[in-house]
Amino acid sequence: MMKVERLTLSVEGNTKEVLHGITTQFKQGEMIGLVGPSGGGKSTLLRCLALRDPWTGGDYSWDGKKIISGGGKGSQKYRSKCAYLEQNPSLNPEKSALKNVLIGQVGQTSWIRRMTGMVRSDDYMGAMDELEKFGLLDKAHVKAGKLSGGERQRVAICRALVHGADFIAADEPVIGLDPKSAENVLGTLQELCKNKGKTVIAALPIELAERYCTRIWGLVDGKIELDVTGRRLTESEKRSIDLI
Ligand SMILES: Nc1ncnc2c1ncn2[C@@H]1O[C@H](COP(=O)(O)OP(=O)(O)OP(=O)(O)O)[C@@H](O)[C@H]1O
């Protein structure tokens, strides 16, 4: 169980509050769709939950352990359990899919590993196994810059898992992908929640959130105004969060 208490995030020298004391909780195996109007704070919330941005205030606990107390960024130990997927995954285009998976993501793996690129042979085997599970074995030695958008996103998911992610925060992970690739990426995330007990929170268009997620958060003006489990949103709920 992940518990968020009074999460506040201010920017511009603490003069502008973007997230206003969010309190919520979520658990392993949930796939939560984050919806809401542009500028409502979706990316900021995802970055905070994935320990990529320091919180201005609030507490965060995982299974009863406080990982943020009164603000801050949390420790590397917990950061490595969190992955942050962006619209365009930050892969090194000149390195192969395999090398990208092995080196890891800024924020999730230590800078020493990323600088030296040194890996052990069982890391190599683990990465190849993971790429195979995602149907990417034949792409392992292809430079990331030559992969399609959907393949790059799946390499990024693979990379997150190889480095121990239990929690994936995904910021519009399928924007710009064709419907089949989008289905592939979201189906992959859904399966990770259902079968592997991973937790995913993804900013998505409402139709995709309703189709793939077990729960929907409506974020407006830095506050979770809607929290709905196991069903679609009603028209009046959509209206209440400015979606129609
Ligand atoms: N570092 C920052 N400095 C100044 N303003 C910021 C910063 N980070 C976020 N904001 C502001 O906070 C608000 C929320 O931004 P955020 O990107 O989280 O929204 P969003 O819901 O993801 O929007 P979109 O759907 O358009 O991507 C916006 O008004 C944005 O300009």
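It should be noted that the structure appears before, not after, this text.
The structure displayed is predicted, hence computed values, not measured ones. (Residues numbered from 1 in each chain as written. Predicted model: local features only at pLDDT ≥ 70, side-chain atom pairs only at ≥ 80, totals over all residues. Heavy atoms only, no water.)

## Side note on the layout of surface pockets
What counts is decided by this rule: Lining residues are defined by having an atom within 4 Å of a point belonging to a cavity or pocket. Those points lie on a 1 Å grid over the protein atoms alone, cavities being sets where a 1.4 Å probe fits but cannot get out and pockets being open sets with protein on both sides within 12 Å along at least five of seven lines. Grid points are joined across faces, edges and corners, and a volume is the space filled by probe spheres set on the points. The numbering of helices and of strands both runs from the N terminus, where a helix is a DSSP run of H or I of at least 4 residues and a strand a run of E of at least 2. All amino acids are sorted into three groups, where Ala, Val, Leu, Ile, Met, Phe, Trp, Tyr, Cys and Pro are nonpolar, Asp, Glu, Lys and Arg are charged, and the leftover types, Gly among them, are polar.
Empty space within the second largest pocket amounts to approximately 260 Å³. Together, E130, K133, F134, R154, L161, N184, T188, E191, L192, N195, K196 and K198 line the second largest pocket. For the lining of the second largest pocket, the element with the most residues is helix α7 (residues 179-196), which contributes 6 residues. Looking at the lining of the second largest pocket residue by residue, the class counts come to 3 nonpolar, 3 polar and 6 charged.

## Focus: unusual backbone geometry
Despite not being glycine, R6 shows a phi value in the positive range, around 55 degrees. Relative to the elements of secondary structure, R6 occurs in strand β1 (residues 2-11). Although it is not a glycine, N14 sits at a positive phi angle of roughly 65 degrees. By secondary structure assignment, the location of N14 is in the loop between β1 and β2 (16-26).

## Focus on the packing of aromatic side chains
Put simply, the rule is: Between rings of Phe, Tyr and Trp, where Trp is taken as its six-membered ring, a pair exists when centres lie within 6.5 Å; planes separated by under 30 degrees are stacked, by over 60 edge-to-face, and by other angles tilted. Exposure classes here rest on a 1.4 Å probe applied to the protein chains alone. A residue is buried below 20% of its type maximum, exposed above 50%, and partly exposed in between.
Applying the stated criterion across every chain yields a total of 6 aromatic pairs. Ring geometry for W62 and Y78: centres 5.8 Å apart, planes at 80 degrees, overall edge-to-face. Of this pair, W62 sits in strand β4 (residues 57-62) while Y78 is found in helix α2 (residues 76-79), placing the two residues 16 residues apart along the sequence. Across the pair, exposure class does not vary: W62 and Y78 are buried alike.

## Describing the site of the ligand
Cut-off, in case you're wondering: We call a residue near a molecule or strand when any one of its heavy atoms sits within 4 Å of it. Any pair of nitrogen or oxygen atoms within 3.5 Å is treated as a polar contact; in protein, a donor-acceptor pairing is required on top of that, and neighbouring residues in sequence qualify only through side-chain atoms on both sides. Areas reported as accessible are Shrake-Rupley estimates using a 1.4 Å probe. Residue values count occlusion only from the protein chains shown.
Contacts to the ligand come from 13 residues, most closely from S38, G39, K42, S43 and T44. Here G39 contributes a backbone N or O atom positioned 2.9 Å from an oxygen atom of the ligand. At a separation of 2.5 Å, an oxygen atom of the ligand approaches a polar side-chain atom of T44. Protein burial of the ligand: of its 630 Å² of free accessible surface, 59% is covered by the chains.

## Observations concerning the pattern of salt bridges
Heads up, the rule is: Every case where a carboxyl oxygen of Asp or Glu lies within 4 Å of a side-chain nitrogen of Lys or Arg is listed as a salt bridge.
Taken as a whole and assessed by the stated rule, the structure comprises 13 salt bridges. The residue D59 makes a salt bridge to R6 at a minimum N-O spacing of 3.2 Å. With a gap of 53 residues between them, D59 in strand β4 and R6 in strand β1 connect regions that are remote in the sequence. Note that D166 and K198 form a salt bridge whose closest N and O atoms lie 3.4 Å from each other. Placement of the pair is D166 in the loop between α6 (149-162) and β7 (167-171) and K198 in the loop between α7 and β8 (199-203), with a sequence separation of 32 residues. Connected through salt bridges with shared partners, the residues R6, D59 and K66 form a single ionic network.

## Here's the deal with the sheet that holds strand β10 (residues 223-229)
Inclusion rule: Whether two strands pair depends on DSSP finding at least two bridges between them. For helices, the fitted line uses only the C-alpha atoms of the stretch in contact; every axis is such a line through C-alpha atoms, and the angle between N-to-C directions lies from 0 to 180 degrees. Any two residues whose heavy atoms approach within 4.5 Å are treated as being in contact.
The 6 strands are arranged β6-β7-β8-β3-β9-β10 in an open sheet whose pairing can be described as mixed. Each end of this open sheet is capped by a strand with a single partner; those strands are β6 (82-85) and β10. Adjacent strand axes in the sheet meet at a mean angle of 15 degrees, parallel and antiparallel pairs treated alike. Pairing geometry for strand β3 (residues 31-35) and strand β9 (residues 215-220), over 4 bridges, is parallel. Counted as the bridge partner of I32 is R215 from β9. In this fold α6 packs onto β6 and β7, with an angle of close to 170 degrees to the strand it touches most, β6. The strands touched by α7 are β3, β6, β7 and β8; relative to β3, the strand with the most contacts, the crossing angle is about 135 degrees.

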